[in-house]
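Observations on the three-dimensional arrangement
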Amino acid sequence: MKSNVLTGASVENQDISEYVAHLQLHMTLQARNLLPALKQIQEDSRHQLLHQTQANFEKLASRQGL
């Protein structure tokens, strides 16, 4: 009986983790839409770093199967 309780909790935690990961991805993509396009801004190192970080996050998220 303990194994069923632990398994249920594990499934619930996994569902919550997947939901949080999906929500984080959605929020990141929405935040990206608030930024001007890279072509519209001066391409200094800070902007390049920001866009590279976003691209890396999206690659990581897509590899997680979200």
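That block above? That's the structure.
Residues numbered from 1 in each chain as written. Predicted model: local features only at pLDDT ≥ 70, side-chain atom pairs only at ≥ 80, totals over all residues. Heavy atoms only, no water.

**Brief notes about the overall build of the protein**
Let me state the cut-off plainly: The helix count covers DSSP runs of H or I at least four residues long, the strand count covers runs of E at least two residues long, and both are numbered beginning at the N terminus. Buried residues are those whose accessible area, probed at 1.4 Å on protein chains only, stays under 20% of the maximum for their type, while exposed residues exceed 50% and partly exposed ones sit between those limits. Per-residue and other accessible areas follow the Shrake-Rupley method at a 1.4 Å probe size, with only the shown protein chains counted as cover for residues.
The secondary structure content of the protein amounts to 2 helices and 0 strands. Sorting the 66 residues of the protein into buried and exposed places 8% on the buried side. Summed over all atoms, the accessible surface of the protein reaches about 5,800 Å², with 57% contributed by carbon and sulfur.

**Some remarks on helix α2 (residues 45-63)**
For clarity, the threshold we go by: Expected helix span is taken as 1.5 Å per residue step, with the number of steps being one fewer than the number of residues. Working note: the arc is built from the helix axis to C-beta atom directions.
Helix length check: α2, at 19 residues, gives a terminal C-alpha distance of 27 Å against a target of 27 Å (1.5 Å per residue), a fit within 8%. Where α2 is concerned, the buried positions are H51, Q54 and A61. All buried residues of α2 lie within an arc of 90 degrees about the axis, which places them on one face of the element. Exposed positions of α2 whose direction lies more than 90 degrees from the buried face are S45, L49 and R63.

**Examining a nonpolar patch on the surface**
Spelled out, the test is: Only residues whose relative accessible area exceeds 30% and that form no salt bridge are eligible for patches; like-charged ones are grouped when within 9 Å, while nonpolar side chains (Val, Leu, Ile, Met, Phe, Trp, Tyr) are grouped when within 5 Å. What makes a salt bridge here is a side-chain nitrogen of Lys or Arg within 4 Å of a carboxyl oxygen of Asp or Glu, nothing more.
The grouping of I16, Y19, V20, L23 and M27 at the surface amounts to a nonpolar patch, some 480 Å² of accessible area in total. Tracing the sequence through the fold places M27 in helix α1 (residues 2-34). A residue is classified by how much of its surface remains accessible, and M27, at 51% relative accessible area, is exposed.

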